[in-house]
Structures are given as structure tokens and as C-alpha cells.
Amino acid sequence: MTLGPDVDDGNITSTSNRQFYLEGKLWMLDENNSWAYENGVLYVWTPDGSSPAGKTVWVSPAANGINAQGSSACTIDSIEVFGTDRAIDASTASGGAKTLNLRVLNVDIVHCKKGLFAAGSFGCTVDGGSIKYAINNGYDFWYGSGKNTVKNTTIHTVGMVGMPKGSQGAIFSGGTVNKGTTNQNIYDNNRVTNTCYNGIQITTNYNTTVSNCTVLNAMQALTDGAGIYTGGQGEVNLNQHIIDNIVSGAKGPGCFGIYLDDYSNGVTVARNTVTDCGINFLMHNAYNNNILNNKSTDTGEDPATPTTHFAFAQNGTPSGFVVTGNEVTSHGVNSQIYNLGGGTSHTTLGSFNNNTYRVKNTAKFARVWDGTTAADLTFSGWQAYMSDDYQSVFIPL
């Protein structure tokens, strides 16, 4: 099995330079708790190895549980949807009618391909309820969608059933209608655990807030994603707020806590607590963002998977960051507070001040790379290199 570089975004094609994986082939059925479907026959190896004769086997139909396409002011309340393709299809109808003001209240969704699919919907409100064992995405607001709210939900194990099948996240909100004016999505007080890729993704969502969410153990199967992920499109101000969230356990290379990807600008990342990720906060080709009053920690329990607390992977001449009021506690003997890469213009990043650093590895407070040579810096070396951060507090552990 090999995961290629494009598996994580679903763009699996037959071009020669892309890798692939196989799944569901009969010759691969070599252990219990597995199944394969071939030539119209379902083969099942039960968990205890006994014969499947006389046992109940659930097979999901290739059909939607509830079709709410093109509906207006519809309410779905206090039901369970089990074993369907899309549990609730609230996408734009084939005739072009948009789904408007759908309310999904206290609905539990179990073992579906997608939970709620609401591409093109406007004004959808999800309040309460849960999603467990979604093959693809949990709450999915694809292009053309706006003014949606998801709050007070629990989402567990998304994209982890079988191999990843284009899974983007437990909450996935991608694309926009009119740049800089719409979306206005709110994702508040949701608990996300155990996702193969992103926990919450809000790519090119304008005027959108992710708040009071807990995201644990994202990035369990794929890389280049995060517990909370965003990115822009062109140079339009996103006006996003990622505030008061808890993110933990996106461990290993290519696994990040909060990720501001290409063209992210106008994003406020404030009062979040991020722990034990490969990189707790990653800014990649982003600019004009505020990183304020966050807590970044690592336990240092696994020296083989150290944490970088703040990384800036930039091209060109990055600018406009305000990094202030953050508290960093770094126990990892191989961890580092800052990693700056991608060029020689690091001093243009912005303002660093009034942070508190508690550090075990004082010799490698920061690492800077100018495209040719990498250098490790102590805290005083960091201050001199950046000509900044003089009002911050440094406490060796």
C-alpha cells in the first residue's frame, strides 16, 4: 500500500507520476475483521474467525438517507441515520434550486459515506447530534455554500473506515460565492476526534469563525494537513477568526495543529491551545495575520517526534504578522520554538513581542534557513537575528 501526494485531496488520477493504493481485492483478504467484494459476491472474515453463516451483516446501499435537495426552511429533528451513502443530501438540486435555511437538530449519523452534504446550501444550521464512522467527510459544505452554522456536535472517526477516499475533514467548508463578501460560516463548540486528514477545513471561506472546538488526533492516515486548516485564493482578505480552540495529537512529519496555507491573510488565530503536533502553528506562504495569546505546548515524551511550535515556510517577501502574547512551553529535547524557512527576508515577517517562552532545549530555540544554509539560534541569537522580541520572557526549563 502506498499513499501518493494527491490522495489527501481526492485528486487521484491515472497520470504516471502519481501513486495509488488497492483495496477490497479478494486476494488481500488475509485477516479477520475484514471483507472483500468481487464478482458479485461479498466475502466476510468475521472478527472471531467463525463462519458468517447465520450472522447479520450490514451492507450500506448506494442511496441517500434523507434527500433535502432544494428544500426551504425544512427541519430534521432527533432521528438517527444509519448505513447510507449521504446521510442527508442538502446540496443544490439538479434543477438548480438551492437548499435554504435547513435545520438539522440532534441528528445522529452512523456508518455513512458522507454525513451532511450541503454543497450550494445557504443558511443551514446544525445544532447538536453526532457523526460516527463517516467514510468521506462529516459535515460537508462544498462550493457555493454560505451562512452555515455547525455547533454543539460530536464527530468521531472520519475517513478512517478502509482507506482514505477523498476525505477532507470532519467539518469541511471549501470555496466561496463572492470573494470577500459572503460565506459567514460559524463552527462553534464541536468536538472532533480521530480523522484521517483535517479535523476542520475552511479553505477560501470569508468572514468565517471556528471557535471553542476541540480537535484531537487529526492526521491519522494522511499528511500535509492539520487539526484546523485554512487557505486563501488570490489576495483577498479572508477575515477569519480561529479562536479559543483546543488542538492536540496531529503528530509526525507533515502533521500540523493550526495551518495557515497559501494566501491566508486577514486571519486572527487567538487564545488557542495546541499540544503535541508535528508543527503546532504553521504559516505557509501566508501574510498579514495575527497570532495572539495562544498556548503552544509539547510533552517531550517522544524525542523521535519533536514539536516545532511556530513555523513560517514562506516564499517571496513575507510580511504583516503580529505574533504577541503567546505562551510556549517546550519540554522536547529536540523541539524548537521557531523555524523560519524559504528565504533571506525573515526580518520582514512582522512583529514578535510580549511572548513567554519556557524551553528545555535552549541551544536550539530557533532554526533559520535562507535557502542554502541552516543555523540554530539561542534566544538571544533569535532576538539579534530578528531585531525583535526584546519584550518577551525566556525561562529555561
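Residues numbered from 1 in each chain as written. Predicted model: local features only at pLDDT ≥ 70, side-chain atom pairs only at ≥ 80, totals over all residues. Heavy atoms only, no water.

1. Examining the sheet that holds strand β8 (residues 108-110)
1) Next: Taken in spatial order, the 12 strands of this open sheet run β5-β8-β11-β14-β17-β20-β23-β26-β29-β32-β35-β38, and their pairing is parallel. Here the strands that pair on one side only, and so sit at the sheet edges, are β5 (80-82) and β38 (393-396). The sheet shows a mean angle of 10 degrees between the axes of neighbouring strands, taken without regard to direction.
2) Next: In this structure, strand β20 (residues 214-216) lies alongside strand β23 (residues 246-248), joined through 3 bridges in parallel fashion. For Thr214, the partnering residue across the bridge sits in β23 and is Ile246. (Pairing = 2+ DSSP bridges. Helix = DSSP H or I, 4+ residues; strand = E, 2+ residues; numbered from the N terminus. Axes fitted to C-alpha atoms, helices over the stretch in contact; angles between N-to-C directions.)

2. Side note on the side chain of Thr208
1) Next: Following the sequence through the fold, Thr208 ends up in the loop between β18 (198-201) and β19 (209-211).
2) Next: Thr208 sits in the buried class, given a relative accessible area of 0%.
3) Next: Every residue in contact with Thr208, bar those within four places of it in the chain, is listed here: Asn183, Gln184, Asn185, Tyr187, Ile202, Asn239, Gln240 and His241. (Buried < 20%, exposed > 50% of the residue type's maximum accessible area, 1.4 Å probe, protein only. Contact = heavy atoms within 4.5 Å.)

3. Details of the side chain of Asp140
1) Next: Relative to the helices and strands, Asp140 is located in strand β12 (residues 139-141).
2) Next: Among the polar contacts listed, one links the side chain of Asp140 to the side chain of Lys114, at a separation of 2.9 Å.
3) Next: A distance of 2.9 Å separates polar atoms of two side chains, one belonging to Asp140 and the other to Asn137.
4) Next: Sequence-distant contacts of Asp140, defined by excluding residues within four places in its chain, comprise Lys114, Leu116, Phe117, Ala118, Ala119 and Phe172. (Polar contact = N/O pair within 3.5 Å; in protein donor to acceptor, adjacent residues only side chain to side chain.)

4. Some details on helix α1 (residues 379-386)
1) Next: Along α1, the residues that are buried comprise Phe379, Trp382, Gln383 and Met386. Projected down its long axis, α1 shows its buried positions confined to an angular sector of 100 degrees, all on one face.
2) Next: Where the residues of α1 are buried, they touch β33 (336-341), β34 (350-353), β35 (356-359), β36 (366-369), β37 (374-377) and β38.
3) Next: A positive backbone phi angle near 55 degrees is found at Ser387, which sits one or two residues after α1. (Arc of directions from axis to C-beta.)

5. Looking at the pairing of strand β21 (residues 225-230)
Both faces of the sheet carry side chains from a regular strand, because those side chains alternate between them.
1) Next: In terms of residue burial, β21 counts as a mostly covered element, since 6 of its 6 residues are buried.
2) Next: Direction of pairing for β18 relative to β21: parallel, over a ladder of 2 bridges. Note on β21: the bridge partner recorded for Ile200 is Ile228.
3) Next: Here β21 pairs with strand β24 (residues 255-260) via 5 bridges, running parallel. Within β24, the position partnered with Thr230 by the bridge is Leu260.

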